[in-house]
Each structure stands twice: as structure tokens, then as C-alpha cells.
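# Geometric and topological summary
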Amino acid sequence: MPDLPVSELIELDRRHVWHPYGPMPGRVEPLVVESASGVRLRLADGSGELVDGMSSWWSAIHGYNHPVLNEAAREQLGRMSHVMFGGLTHEPAVRLAKHLVDMSPDGLEHVFLADSGSVSVEVAAKMCLQYWRSLGRPGKQRLLTWRGGYHGDTWQPMSVCDPEGGMHELWSGVLPRQVFVDAPPAEYEEPYAEQLRSAVERHAGELAAVIVEPVVQGAGGMRFHSPAYLRVLREACDAHDVLLVFDEIATGFGRTGALFAADHAAVTPDVMCVGKALTGGYMTMAATLCTSRVADGISQGEVPVLAHGPTFMGNPLAASVACASIELLLGQDWLGEVKRIETGLREGLAPALELPGVQDVRVLGAIGVVQLDHAVDMKAATDAAVREGVWLRPFRDLIYTMPPYVTGDADVARIARAVCAAAREG
Ligand code: PLP
């Protein structure tokens, strides 16, 4: 049990602690989590447990308090929790880099270990901009992306988030000016593919890279699109001397039913960002992978180094847990588990289509989405899910789930019932 009474803890939290996208002082009372195990969060107010339909923002793919991940952390803690990465290296970071190179699309050879998803996107942008500078083409400094995306909350990532109605509209006048094309349709449509090709061609002279979330646009709207667009982008980028970046921070490590969403299209990007599930959601770490073309290009420049080096780069504790998480994932039938959840979500969410106010229901891999025709009443929707014993975190017009892969069939059905209840009440 926490040392502070729950009511006091909530009051101190409200007064002093910023929460994501929150006001200060806080206006809503957050639930206090005392511990978490398997797919369940135990609440400190004694009201019991909630099945986690969110995997802690899509990261805890193996669930909580996993013995294998705990052991990896414990073992590494006994050696060293951190050591600087400048001039030093260590086995967890090297093993992790090798794992990532081996499992990611062919051709990605080099790994920058970043401290969060947003930073890995910053690093990706920096790599691409620096690549063209090094090659004597400093005019190529902009990024092209599609609308409806989300790439993080730091400066370059914010500049490629959805520019209208997105989370960072406040900054639209001062962020780097990027190039936006319409969000991709769900199915392959040749006129849209043509729009993509011509946008890349038209802006190629000023483009360092195209950056997209492959197959699933996550926090910008939970939209799915045909993997065929990734091939269109690859061809257009190759034809017009533009680098291609895939942000796989949400989609990586099996979530969409492929190890990486790029695998659905058999496309290798020049740069790829991963995060979230990298450490099984245990701690913060992300990575930016790139091809030898990109690394060699940077190395040929006037400044032949990538000038980025955070204090906690390559953190051994996080790297050890990430290695254990990857070995755990690859050592099991992860695809079977993701497909099992997909089937459960398809069945369980189908009734939502009959509810008033529901515009769309879509499922891909271990992702289930109910889209309303109005903005969600966050409190009503969350309360409805909690009454079903499930934790969900809707946003905008979306109620969705991305459960841990270890969620059993009964809990998947329960999550689906909670999503339906939230859609009814929200
Ligand atoms: N890119 C994508 C696709 C994401 O979904 C997110 C987070 O939701 C990020 C980047 C930012 O990652 P982080 O929150 O770890 O900074």
C-alpha cells in the first residue's frame, strides 16, 4: 500500500504534477495504480483491478511484472544501472543493436539508441538533413508527410504531426515548415498513389526525407491504410533522391500482425524509428536505425559525425530489458497470439457497429478501434470502461484498445465489451 492516503496523494498530484496534455493544477482525479501484474492494474483505493486495454500506451506487450523481464533488470542492476556511452560501450547495448539489425528489414545496419520515441524521430530527422548537407545539397532540409500523423512532442516531430486539429496546432506558425499531403485512404487507390508520387517529385529539390507511420496512423487518428502505399513511397523516393523514414514506434514488434509494419510491404526504409514496445514497456528507450547509405553519407561530410549524444544514451538497464523483451517475443508464437487477439477483437467489437453514434469499427492485428461521429465524452467513456473492469484511454472521437499480447481470450472479450460500453456512454 502507498504510504500516503489515496485522497492526499491525489490532492498533491493535482496541485504539483503535470500529466500528459494536462492543465495545472489538474482538473480530473487520476486513478492511483498501486501495482501491476500480468494484464491487470491494481488500484490503490481498494476498488480492485482493471484489465489493461492500453498496454500502457501500446508498450507493455508482455504484460506487467513479467518474471523474465524482471530477472533481466535485476541481473543488470547487479552489474551497473548506467554508464556513460561516450568512449565506453557495454554488452547490453551491443546485443540490442545486433538484435535490432537482425530482426528489422534487410539493409538497416546501424543503430542510434535514443531515450524516447520523440527523440528517436528527432535523430531520424537530423540524420536525413545532415545526410544531404554532407553530400553538398543543403537545400534539401524539409520533410514530407501525410496529414493525420503523430510523431511525438519535441520540435521536429511536432512539425510533422497532423497540422490541423492535431495536438500541436498551437505551434503551427513557428514550427519548421514541412510539406503535407492528404492522409492515405484505407484501400489502395491509384489517384491517391499518383498524388503521393507527384508531391514527392514536385518538392524533391527541398526534401530531405518523407516520414510516415507505416500502415497505422496512431495517435493522429487510429487510421489504417494499404501497405501498397509504402511501395509507392519507396519508388518515388528512389526516383527523386529523397530519403524514406518509417516511424514504427507504435507499429513495431508485432502489433499489426507483422514484426514491423514495413514487412507488410516488403519495403526497407532508409531510416526507421522504434520505441514503446522495445523494452516491453518497462522503461524508456527508443532507437533510430539507418542504412549504410545514410551513415556513409554523413561520414563523408565536413562534420563527419552525428552530433547527438544524450546523457542516458544506451542505458544498460533499459538495453538489457529490451534484449530480454525481444528474445521473449521471438521465442514464442507472437504472430499466433496477435492473430488470436485480432479474432477476439473482431468478434467482440462487431456489435459496436449497431450502436447509435458509431461511425466505424476497425481491427488490425492487436489493435481495435471504434470511431464515433462525435467527440468522446472522456469521463463518461472511461467510467463506463472502468465499470466493466477495464482501463481505456479514448481520445478525440476514438475509443480503442491495444492490449498486451498475453491477454487471454476471456480478457480480450471483456476489453471488447468495455470498448462497446464506452462507445455507448461516451
Ligand atoms: N511516433 C509515434 C508513431 C508514436 O505513436 C509516438 C507516441 O505515441 C511517438 C512517436 C513519440 O514517442 P514518445 O511518446 O516515446 O516520445
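The name an unreviewed UniProt entry gives the chain is Adenosylmethionine-8-amino-7-oxononanoate aminotransferase, with Streptomyces longisporus as the organism. If you open the UniProt record of the chain and go to Subcellular location (unreviewed entry), you find "Cytoplasm". Its UniProt record gives the chain a comment under Sequence similarities (unreviewed entry), which states: "Belongs to the class-III pyridoxal-phosphate-dependent aminotransferase family. BioA subfamily."

## Some remarks on the overall build of the chain
Along the backbone of the chain there are 13 helices and 16 strands. On C-alpha atoms alone, the chain measures out to a radius of gyration of 21 Å, which is about the 22 Å that the 2.2 N^0.38 rule sets for 426 residues. Taken along its principal axes, the extent of the C-alpha atoms in the chain is 65 × 55 × 45 Å. The buried share of the chain, reckoned over its 426 residues, is 48%.

## Some remarks on the sheet that holds strand β14 (residues 367–372)
By way of backbone hydrogen bonds, the strands of a sheet pair with one another, either parallel or antiparallel. The antiparallel open sheet is built from three strands, whose spatial order is β13-β14-β16. Sheet topology places β13 (358–364) and β16 (398–401) at the edges, where each strand pairs with a single neighbour. Ignoring which end each strand starts from, the neighbouring axes of this sheet average 10° apart.

## Quick look at the pairing of strand β12 (residues 286–291)
In terms of residue burial, β12 counts as a mostly covered element, since six of its six residues are buried. Along β12, one buried face is formed by A286, T288 and C290 and the opposite face, lined by A287, L289 and T291, is buried too.

## A few points about the packing of helix α4 (residues 91–103) against helix α10 (residues 316–330)
Interaxial distance between α4 and α10 falls to 8 Å at its minimum, and their mutual angle equals 35°. The interaxial crossing formed by α4 with α10 has left-handed handedness. Between α4 and α10, the contacting residues are P92, A93, R95, L96, H99 and M103 on the first element and P316, A319, S320, A322, C323, I326 and L330 on the second. Here the residues of the contact of α4 with α10 are counted per class, giving 10 nonpolar, two polar and one charged.

## A look at the domain arrangement of the chain
Domain annotation for the chain reports domain 1 (31–65 + 333–425) and domain 2 (69–330). A separation of 27 Å is found between the C-alpha centroids of domain 1 and domain 2. With 24 residues of domain 1 in contact, the opposing surface of domain 2 contributes 18 residues. Of all the elements in the fold, those that place two or more residues in the side of domain 1 that touches domain 2 are α2 (55–58), α11 (334–349), β13, β14 and β16. Ranked by the residues each element gives to the side of domain 1 that touches domain 2, the list is headed by α11, at five residues.

## Considering the nonpolar core
Among the nonpolar cores identified, the biggest contains 130 residues, and C128, A209, V210, L243 and V419 are the most heavily contacted of them. Considering each element in turn, this core owes the most residues, 10 residues, to helix α5 (residues 117–134). A domain split of this core shows at least three residues from each of domain 1 (31–65 + 333–425) and domain 2 (69–330). In contact with V419, not counting residues within four places along its chain, are L349, A352, G368, V370, L392, I399 and T401.

## Side note on the sheet that holds strand β15 (residues 390–391)
Taken in spatial order, the four strands line up as β1-β2-β3-β15 in an open sheet, and their pairing is mixed. Among the strands making up the open sheet, the edge pair consists of β1 (33–37) and β15. Direction of pairing for β1 relative to strand β2 (residues 40–43): antiparallel, over a ladder of four bridges. Directly across from V33, in β2, lies its bridge partner L43.

## Points about unusual backbone geometry
It is generally the case that most residues other than glycine have a negative phi and that most peptide bonds are trans. The omega torsion across M24 and P25 is 0°, close enough to zero to call that bond cis. The topology assignment puts P25 in the loop between α1 (6–16) and β1. Positive phi outside glycine occurs at R396, with the angle close to 45°. Relative to the helices and strands, R396 is located in the loop between β15 and β16. The exposure class of R396 is partly exposed, given the 18 C-beta atoms found within 10 Å.

## What to know about the UniProt feature "binding site: substrate" (unreviewed entry) in the chain
Following the UniProt record, one finds the feature "binding site: substrate" (unreviewed entry) at W57, Y150, K276, G309 and R393. Spanning 337 residues, the named residues do not form one spatial group; their C-alpha atoms are separated by as much as 33.5 Å. When you line up the elements, K276 lands in the loop between β11 (271–274) and β12. We classify K276 as buried; it has 28 C-beta atoms within 10 Å. Beyond its immediate sequence surroundings of up to four residues, K276 is in contact with W57, W58, S59, G117, I249 and A250. Tracing the sequence through the fold places G309 in the loop between α9 (292–299) and α10.

What counts and what doesn't
Residues numbered from 1 in each chain as written. Predicted model: local features only at pLDDT ≥ 70, side-chain atom pairs only at ≥ 80, totals over all residues. UniProt positions renumbered as here; feature names shortened; annotations may be inferred. Helix = DSSP H or I, 4+ residues; strand = E, 2+ residues; numbered from the N terminus. Rg over C-alpha atoms; globule rule 2.2 N^0.38 Å. Buried ≥ 20, exposed ≤ 12 C-beta atoms within 10 Å, placed from the backbone. Pairing = 2+ DSSP bridges. Axes fitted to C-alpha atoms, helices over the stretch in contact; angles between N-to-C directions. Left-handed = near helix turned anticlockwise from the far one by under 90°. Contact = placed C-beta atoms within 7 Å. Nonpolar A, V, L, I, M, F, W, Y, C, P; charged D, E, K, R; others polar. Domains from an automatic or database assignment. Core = buried A, V, L, I, M, F, W, Y, C linked by C-beta atoms within 7 Å.

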